[in-house]
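Here's the letter readout for the chains.
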Amino acid sequence: MLAETETVVPPRAAKPPLSFLQQVMAATPGDSRLEMCIQCGTCGGSCPSGPDMDYTPRHLFALIRADMRDQALSSNTFWYCVSCYYCVVRCPQQVYITDIMAALKRMAIREGHSLHGDAPDFSQTFIGNVERYGRSFELGLATRYHLTHSPLRKVGIGTLALGMMARDRLAFTPTRIQGIESLQAILHKAHELTAEAERTGEVELL
Amino acid sequence: MTTSRTQYGYYPGCSLERSASAYDVSTRAIAAALGLDLAELDDWNCCGATEYLAINKLAAYALIARNLALAEKQFAPGDGSGGAHKAQLVAPCSACFLNLRKADHHLQEDKTLAVKTNEALAAGGLHYDAGAVKIRHLLDVIVSDVGYARVKELVVKPLTGLRVAPYYGCLFSRPHLGGERRTQGVRTNPEYPMELDRLLKLLGAEVVYFPLKTHCCGGHMTQISADVAYELIRRLLQNAADFQADILATLCPMCQLNLDAYQQQVSRHFGVKFNLPIVYFTQLMGLAFGIEAKALGFGKEIVSAAPALARIGIQAPLPEGEAEKPKRKPRRPKEALPLPVMPAESEEMEL
Ligand code: SF4
Ligand code: SF4
Ligand code: SF4
Ligand code: SF4
């Protein structure tokens, strides 16, 4: 805490390197209030994934504040966040925990820490479809995803898929939206802007 | 607008196109009965669920904002001054509801993000004025705008004797988006909302005590860590069973999918036998309004709702494909599981 308030502001030219805490806060849209965390542990106690996480959200925030970047980013904590927002509505300091988790996912991927199981791949497969068609085909995605990632479970998933198929609940081909070209242009531009932000170090856009 | 009733933009979301078509069908059916004017958003795209935000922030916001921009254009055309919630967009999917409203909220709050997002939108010839479109959840529109009184008037076939567990999941009541603009969400108790309870009671159903009603069903965890997801699903099913629910009513396609489609696997995993039909609240509304079960998407659920409904004298179709079920081994080898195919490959796929 003290370290931040004491940061000397150097002349404009050389941007002071942001602390890990500042970077995480900047990458979270809106006001994350992460610096307000009082380490009460309410979040971890409310978290349905808490028992499976390397660190509870509270613990993770302590690591972030201590600038323990690698340890924090290589943990599975944010990958196990199911976005239930229990922590957010209970946090006495209104820390915007769930969005911080999403920001940490992006950072971990960017910095090559995304070794945690299947979550990043699942996200990639999903958005691959969205970028190509404009709509996802959800369960179809799940099936394809499972066959490439967890072959051991494929029989189980196969039964599930057959049940869904019998009820016509499984799309074999995704719907392509009419404005797909416009959407792709939009996403292309967004990726360009992201690359630019990476170059210039505008963390708040990442 | 010349019509006296409010027109709502309708954002079905990808799930409602296929895996949750029962939700879509029943929503449209009861909207007609309720006099709710839902106009589908033209050429909407997927909102990206939670996946896109995990990869790329600007692209995630641009993806969502395309829908907002289209909604502004279609439902609130005009000066482009924004800010005034000139149009309303209704989402039946809780995940879409959150994504859309969160994006709008942050675009209002975060000017840099808004400028960059619009820069991306401009590449596709679009623009969004943050705040122009108010995002609503379908349940909220029904109870707050149409109102309980109107719903009650329409009940002709009360669901007397049906014990229903009201399941809200996470994203109907959470989160409140901070600051002054809390009204963006549903104003309710984030952990123990009562809207669905009240609504179901008006339909004549017996609403069981369901303490876990806003606990998480695991979301996309079924795809990532089965053990984590199965335990979350088990807790919910067990809780509903403990209070002897005949059926569970949900308001989110992802929750429906997790609790319904994974129920067998969860049963097997824990060595318990769950048998809880998972239906959409809109389907139950339709039944109470006297609409035929067939027209409400019944039969799409994996765990059949027919036996539970038969007990209260309602005939519902058996799950589709159930007739062919007797264990006939599929002729295809096990490796040839139903892979989704890209359009180009689809010719080779014998269905
Ligand atoms: S609940 Fe809030 S204040 Fe308490 S530890 Fe978690 S983030 Fe910090
Ligand atoms: S939002 Fe994420 S971190 Fe917070 S309680 Fe839910 S799973 Fe845990
Ligand atoms: S969140 Fe799910 S249902 Fe909603 S648009 Fe995205 S993929 Fe479709
Ligand atoms: S995990 Fe389930 S309950 Fe939680 S938001 Fe997602 S679908 Fe809804």
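The structure presented is a predicted model; accordingly, all values stated were derived computationally and were not measured.

Conventions and cut-offs
Residues numbered from 1 in each chain as written. Chains lettered and ligands numbered in written order. Predicted model: local features only at pLDDT ≥ 70, side-chain atom pairs only at ≥ 80, totals over all residues. Heavy atoms only, no water. Helix = DSSP H or I, 4+ residues; strand = E, 2+ residues; numbered from the N terminus. Buried < 20%, exposed > 50% of the residue type's maximum accessible area, 1.4 Å probe, protein only. Areas by Shrake-Rupley, 256 points an atom, 1.4 Å probe, with all protein chains shown as cover. Near = heavy atom within 4 Å. Nonpolar A, V, L, I, M, F, W, Y, C, P; charged D, E, K, R; others polar. Pairing = 2+ DSSP bridges. Core = buried A, V, L, I, M, F, W, Y, C linked by side-chain atoms within 4.5 Å. Contact = heavy atoms within 4.5 Å. Expected span 1.5 Å × (residues − 1). Salt bridge = Lys/Arg side-chain N within 4 Å of Asp/Glu carboxyl O. Axes fitted to C-alpha atoms, helices over the stretch in contact; angles between N-to-C directions. pLDDT = per-residue confidence, 0-100. Parallel < 35°, antiparallel > 145°, perpendicular 65-115°, else oblique. Phe/Tyr/Trp six-rings, centres within 6.5 Å; stacked < 30°, edge-to-face > 60°.

1. Some words on the overall build of chain B
From N to C terminus, chain B includes 13 helices and eight strands. Residue burial in chain B is summarised as follows: out of 351 residues, 63% are buried. As presented, chain B carries roughly 13500 Å² of accessible surface, and 52% of it is formed by carbon and sulfur atoms.

2. Re the site of ligand 1
Residues and elements named next belong to chain A. With respect to spatial proximity, 14 residues lie near ligand 1, and among them Cys37, Cys40, Gly41, Cys43 and Cys91 are the closest. Those elements giving two or more residues to the shell around ligand 1 turn out to be helix H3 (42-46) and helix H4 (57-65). Residues belonging to the shell around ligand 1 are distributed by class as follows: nine nonpolar, four polar and one charged.

3. With respect to the pairing of strand S5 (residues 163-166) of chain B
All names here are of chain B. In this structure, S5 lies alongside strand S6 (residues 206-207), joined through two bridges in parallel fashion. Residue pairing in the sheet places arginine 163 in a bridge with glutamate 206 of S6. Pairing of S5 with strand S7 (residues 247-250), which is carried by three bridges, proceeds in the parallel orientation. In the strand pairing of S7, alanine 165 is matched with leucine 248.

4. Focus on the nonpolar core
Grouped together as the largest cluster of nonpolar side chains are 107 residues, with contacts concentrated most on Leu34(B), Leu199(B), Leu203(B), Phe281(B), Leu284(B) and Met285(B). The element contributing the most residues to this core is helix H3 (residues 57-75) of chain B, with 13 residues. In this structure, Met285(B) is in contact with Ile30(B), Leu34(B), Ile142(B), Val151(B), Leu199(B) and Leu203(B), ignoring residues within four places of it in sequence. Listed in part, the 47 residues of the second largest apolar core include Leu34(A), Tyr55(A), Ala103(A) and Val203(A).

5. Details of the site of ligand 2
In the vicinity of ligand 2, the residues found are Cys47(A), Pro48(A), Pro57(A), Cys81(A), Val82(A), Ser83(A), Cys84(A), Tyr85(A), Cys87(A) and Thr98(A). The residue makeup of the shell around ligand 2, split by class, is eight nonpolar, two polar and no charged.

6. Thoughts on helix H4 (residues 94-109) of chain B
Its 16 residues give H4(B) an end-to-end C-alpha distance of 22 Å, which sits within 8% of 22 Å, the value for a rise of 1.5 Å per residue. Burial runs high along H4(B): 15 of the 16 residues are buried.

7. Thoughts on the pattern of salt bridges
All names here are of chain B. Going through the model one piece at a time under the given rule, you end up with 19 salt bridges over all chains. Between aspartate 24 and arginine 28 there is a salt bridge whose closest N-O contact spans 3.2 Å. Taken together, the residues span about one helical turn, with aspartate 24 and arginine 28 both in helix H2 (residues 21-34) at a distance of four residues. The salt bridge involving arginine 136 is made with aspartate 140; its shortest N-O contact spans 3.1 Å. Look at aspartate 140 and you get buried, because its relative accessible area is 10%. Beyond isolated ion pairs, a larger network of salt bridges with shared partners links Asp24, Arg28 and Glu40.

8. Structural notes on the sheet that holds strand S1 (residues 7-10) of chain B
Residues and elements named next belong to chain B. One open sheet holds the four strands; their spatial order is S2-S1-S3-S4, and the pairing between them is parallel. What marks the edges here is a single partner per strand, and that holds for strand S2 (37-40) and strand S4 (133-137). Between one strand and the next, the sheet's axes are offset by a mean angle of 40 degrees, whatever the strand orientation. Note that S1 and S2 share four bridges and pair parallel.

9. Section: the confidence of the model for chain B
For chain B, mean pLDDT is 87; residues scoring 70 or higher make up 85% of the total. A low-confidence stretch, residues 339-351 of chain B (pLDDT under 50), is modelled with 28 contacts involving residues beyond four sequence positions or located in other chains.

10. A look at the packing of H3(B) against H4(B)
Residues and elements named next belong to chain B. Interaxial distance between H3 and H4 falls to 9 Å at its minimum, and their mutual angle equals 100 degrees. If you check the angle between H3 and H4, you find them roughly perpendicular. Taken together, the residues of H4 that come into contact with H3 (itself represented by Tyr61, Ile64, Ala65, Asn67 and Leu68) are Asn99, Leu100, Ala103, Asp104, His106 and Leu107. Classifying every residue of the contact of H3 with H4 by side-chain character gives seven nonpolar, three polar and one charged.

11. Regarding the environment of Leu34(A)
Residue and element names in this part refer to chain A. Secondary-structure assignment places leucine 34 in the loop between helix H2 (20-27) and H3. Once the C-alpha coordinates of leucine 34 and alanine 190 are considered, the two residues, 156 residues apart in sequence, prove to be 27 Å apart. In contact with leucine 34, not counting residues within four places along its chain, are Leu21, Val24, Met25, Phe61, Ile64, Arg65, Val95 and Ile100.

12. Observations concerning the packing of aromatic side chains
Residue and element names in this part refer to chain B. A full pass over the atoms with the stated rule returns nine aromatic pairs over all chains. Judged by centre distance (4.3 Å) and plane angle (5 degrees), the ring pair of tyrosine 23 and tyrosine 280 falls under stacked. Placement of tyrosine 23 in helix H2 and of tyrosine 280 in strand S8 (residues 278-280) is noted, with a sequence separation of 257 residues between them. A residue is classified by how much of its surface remains accessible, and tyrosine 23, at 0% relative accessible area, is buried. Here the aromatic rings of tyrosine 167 and phenylalanine 210 are separated by 6.2 Å at their centres, their planes lie at 70 degrees, and the arrangement is edge-to-face. Of this pair, tyrosine 167 sits in the loop between S5 and helix H7 (195-202) while phenylalanine 210 is found in the loop between S6 and helix H8 (221-224), placing the two residues 43 residues apart along the sequence.

13. Brief notes about the packing of helix H9 (residues 226-242) of chain B against helix H11 (residues 263-270) of chain B
Residues and elements named next belong to chain B. At a minimum axis separation of 10 Å, H9 and H11 run at an interaxial angle of 95 degrees. Judged by the angle between their axes, H9 and H11 are roughly perpendicular. Between H9, through Asp227, Tyr230, Glu231, Ile233, Arg234 and Leu237, and H11, the contact on the second element is made entirely by Gln263, Gln265, Val266, His269 and Phe270. Of the residues belonging to the contact of H9 with H11, the class tally is five nonpolar, three polar and three charged.

14. Some details on the side chain of Lys116(B)
You can see Lys116(B) is positioned in helix H5 (residues 111-122). Excluding residues within four positions of it along the chain, Lys116(B) makes contact with Leu193(A), Glu196(A), Leu205(A) and Leu58(B).

15. As for the sheet that holds S6(B)
The strand order across the open sheet formed by four strands is S6-S5-S7-S8 (chain B), and the pairing between neighbours is parallel. Each edge of the sheet is formed by a strand with only one pairing partner; in this case those strands are S6 and S8 of chain B.

16. So, the side chain of Asp197(B)
Relative to the assigned elements, Asp197(B) resides in helix H7. Other than its neighbours up to four places away in sequence, Asp197(B) contacts Pro166(B), Tyr168(B), Val207(B) and Lys213(B).

17. Focus on the environment of Asp140(B)
Within the secondary structure, Asp140(B) is located in helix H6 (residues 138-154). Sequence separation between Asp140(B) and Val207(B) is 67 residues, and the spatial gap between their C-alpha atoms is 19 Å.

18. Here we look at H5(B)
Taking 1.5 Å per residue as the helical rise, H5(B) with its 12 residues ought to reach 16 Å, and the 16 Å between its terminal C-alpha atoms agrees with that figure. Every buried residue of H5(B) is listed here: Leu113(B), Ala114(B), Lys116(B), Thr117(B), Asn118(B), Ala120(B) and Leu121(B). Summarising the contacts, the buried residues of H5(B) are in contact with helix H11 (180-200) of chain A together with H3 and H4 of chain B.

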